[in-house]
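Chain by chain, the residues:
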Amino acid sequence: MTSFGENVDEDVNDNRGPYVFKISGQISHKIGSLSPDPAKGPRFLQLYLFDTANEVENRFKVFDGPKKRNLDCNIVNFLVKFLGANNEYVRTFKTTKQIVEEANLQSYLVRLFNNVADRRYDLSSPRSLGCIVSGDDTTSTTYDIIVHSQSGRPQRISKMHPSYMPLQYPLLFPYGEEGWSPRLKIGSRRGTTAENLTVNMYYDYHIHARQHIWSPIVNSSRLFQQYLVDAYTCIEESRLDYIVKHQGNLRSDYVCGLYDALSKGDKEASVVGKRVFLPASFTGGPRFMYSHYQDALSICRVYDNPQYFITFTCNVKWPEITRYMDTHSQTDVHSLADIIARVFNIKVHEFVRFLKQDKTFGQVEAYLYTIEFQKRGLPHCHTLLWVNSSDRIKNAIDIDTYITTELPDPINEPELYETITTCMIHGPCGPLNEKAPCMRDGKCSKHFPKPFLHTTFFDTDGYVRYKRNSAAHHTTQYGQVIDNGYVVPYNKRLCFRFRAHINVEYCGWNMMIKYLFKYISKGADRVRYTIQKAESTNEPSAATPAAAHNRSENEDIRPINEMQNFLDGRYICPHEATWRILDFHIHHRHQAVQILTIHE
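Everything numeric here is computed off the predicted structure, so don't read it as measured data.

### Considerations on the packing of helix H7 (residues 199-206) against helix H8 (residues 222-245)
Part 1: Running from N to C, H7 and H8 point in directions that differ by 165°, and their axes come no closer than 9 Å. The angle between H7 and H8 falls in the class roughly antiparallel. Crossing of H7 against H8: the hand is left-handed. Facing H7, whose interface residues are Val-199, Asn-200, Tyr-203 and His-206, H8 presents Tyr-227, Ala-231, Cys-234, Ile-235, Ser-238 and Arg-239.
Part 2: Residue composition of the contact of H7 with H8, by class: 6 nonpolar, 3 polar and 1 charged.

The following block contains the structure:
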């Protein structure tokens, strides 16, 4: 019933993999007028009210081509009748339209799901729905949603409104159940004060599947992906609203940071005090990730350079996930982002525990990892690992003990061979597949296939060149023969234990340690750059009113809004949304780092 204002990233859906709902920037829901524009036809809410005798045909006009041929008019007709009879929002708007037409009103205000004693009109709803006021009384703050008879400008609905979700997803809330609102409380014991139910708690509760209870939300396939993204952006923007309203309390955090003390800051009197700061306490923000970058450097100062850089990627074919799919008769695993997030969170904790107890690379002294979501949204864990000095690599040939880039023996190691051939093969790309995602200007950006080498050594830049035997085992993919030149570096014990893509790179002798720290703390997937008119740096020669007047006419000086910059640059996919709704950590480190307050 409302529009979904967003910038959907459709580039990720290029027919090479499963569908992923991915958006960038900020989203909003808007509700239009009851009567459609004759030039554009009915949309959203208008489909429920305009030409109800031909409502099914009007809905079919939205689709074209194969999508229209796959629609069943009987199902659509049943849904239309069901919502009209059971959804209180649909009933309210239809009754409202009838009253407005009879009273010949042009503009009015509609109140949904609020009990008010003084009413001009009674919609005779079991839950006392609706209130209509004619005339120009549009300044009243006691009404929730403003609706016009016919207007080309839709009205935005606040994410704090209980109708925010039911109006956008009528099939997920078929009876018009209320969504989150600030008045919701957590049940309290006798003698204690009830706590507020946060937005995060509310959506965390809704995305849980429960035994013997069928939920339309978690079983809505692709629509569930959109709901997850919508829910998380609602949570995050609520937190950002709190930060904006409490800038006075948070500004001290900005002043105390050494990184921020070196930034440009406010120079123009017109923008002093207007800059919106995003503190380091905001998870996923630039200062949050930069503080972890500084923590990584602190660990490096104590334990020297990290020895291994490990990327652990989720595998949707894990038995824990497939078992759930079979038990619940699910077919589209990529639409179950909640299950993928839960299982991968368990795997990450087990992965870290295994590294410490199994001592795969030696005695672990320190580690840190960041969870990222890129490309099609599957989570992966970037890990930096420090080991005891007695277990560190002394010679290049010792690397072969921990890292290999060759296919295992399919007879003696059949399970490992299956894992490597399905998870650790790059491409194929190059002449074998010129349309591969890694191809840039006719060449592989990852420099595959790698050259065959008889021994492992360090090049002049400190990078490891791994041993690759040309006479080893081969495999076939997409009708092409794949050799060791396409194998990604891996550790046999880790791949055999976790049956997933686990890329292991030795970095103990690499001179690019600072780059690794920046890479692992760069944050979520964001746009590469933005174009913005910065604050003016031209100081006037004389502080006269005329100079200030000329400067104001010739220059567009705008205060920096870090919150808006963050919203404009972000990308959100359902897997990341689920991870954040469930309050899983996106960054973890050991040993602990304590920030000391010093005088600058």
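There's more to say after this.
### A short note on the pattern of salt bridges
Part 1: According to the stated counting rule, one finds 15 salt bridges in the structure shown.
Part 2: Taking the shortest distance from any N to any O, the salt bridge between Arg-59 and Glu-55 comes out at 3.4 Å. Linking Arg-59 with Glu-55, this pair stays in helix H2 (residues 55-60), spanning 4 residues, or about one helical turn. Like Arg-59, the residue Glu-55 is buried in the burial classification.
Part 3: Its salt-bridge partner being Glu-350, residue Arg-497 comes within 2.8 Å of it at the nearest N-O pair. Here the residue Arg-497 occupies a position in helix H15 (residues 492-498), and Glu-350 occupies one in helix H13 (residues 337-358), the gap between them amounting to 147 residues.
Part 4: Look at Arg-497 and you get partly exposed, because its relative accessible area is 36%.
Part 5: What emerges from the salt-bridge pattern is a single network uniting Glu-236, Glu-237 and Arg-570.

### Points about the packing of aromatic side chains
Part 1: In total, this model carries 24 aromatic pairs according to the counting rule given.
Part 2: With a centroid separation of 5.7 Å and 70° between ring planes, the pair formed by Phe-351 and Phe-498 is classed as edge-to-face. In this pair, Phe-351 sits in helix H13 while Phe-498 sits in helix H15, placing the two residues 147 residues apart along the sequence. Judged on exposure class, the residue Phe-351 and its partner Phe-498 are both buried.

### Focus on the pairing of strand S2 (residues 23-31)
Part 1: Of all 9 residues in S2, 7 are buried; the element is thus mostly enclosed.
Part 2: Across 5 bridges, the pairing between strand S1 (residues 3-8) and S2 is antiparallel. What sits directly across from Phe-4, in S2, is His-29.
Part 3: With 2 bridges joining them, S2 and strand S19 (residues 571-572) adopt antiparallel strand pairing. Bridge pairing links Ile-23 to Ile-572 in S19.
Part 4: As judged from the 3 bridges shared by S2 and strand S6 (residues 155-157), these two strands associate in the antiparallel manner. Each residue of the ladder has a partner; that of Ile-31, found in S6, is Gln-155.

Here is what the cut-offs are and how they apply
Residues numbered from 1 in each chain as written. Predicted model: local features only at pLDDT ≥ 70, side-chain atom pairs only at ≥ 80, totals over all residues. Heavy atoms only, no water. Axes fitted to C-alpha atoms, helices over the stretch in contact; angles between N-to-C directions. Helix = DSSP H or I, 4+ residues; strand = E, 2+ residues; numbered from the N terminus. Parallel < 35°, antiparallel > 145°, perpendicular 65-115°, else oblique. Left-handed = near helix turned anticlockwise from the far one by under 90°. Contact = heavy atoms within 4.5 Å. Nonpolar A, V, L, I, M, F, W, Y, C, P; charged D, E, K, R; others polar. Salt bridge = Lys/Arg side-chain N within 4 Å of Asp/Glu carboxyl O. Buried < 20%, exposed > 50% of the residue type's maximum accessible area, 1.4 Å probe, protein only. Phe/Tyr/Trp six-rings, centres within 6.5 Å; stacked < 30°, edge-to-face > 60°. Pairing = 2+ DSSP bridges.

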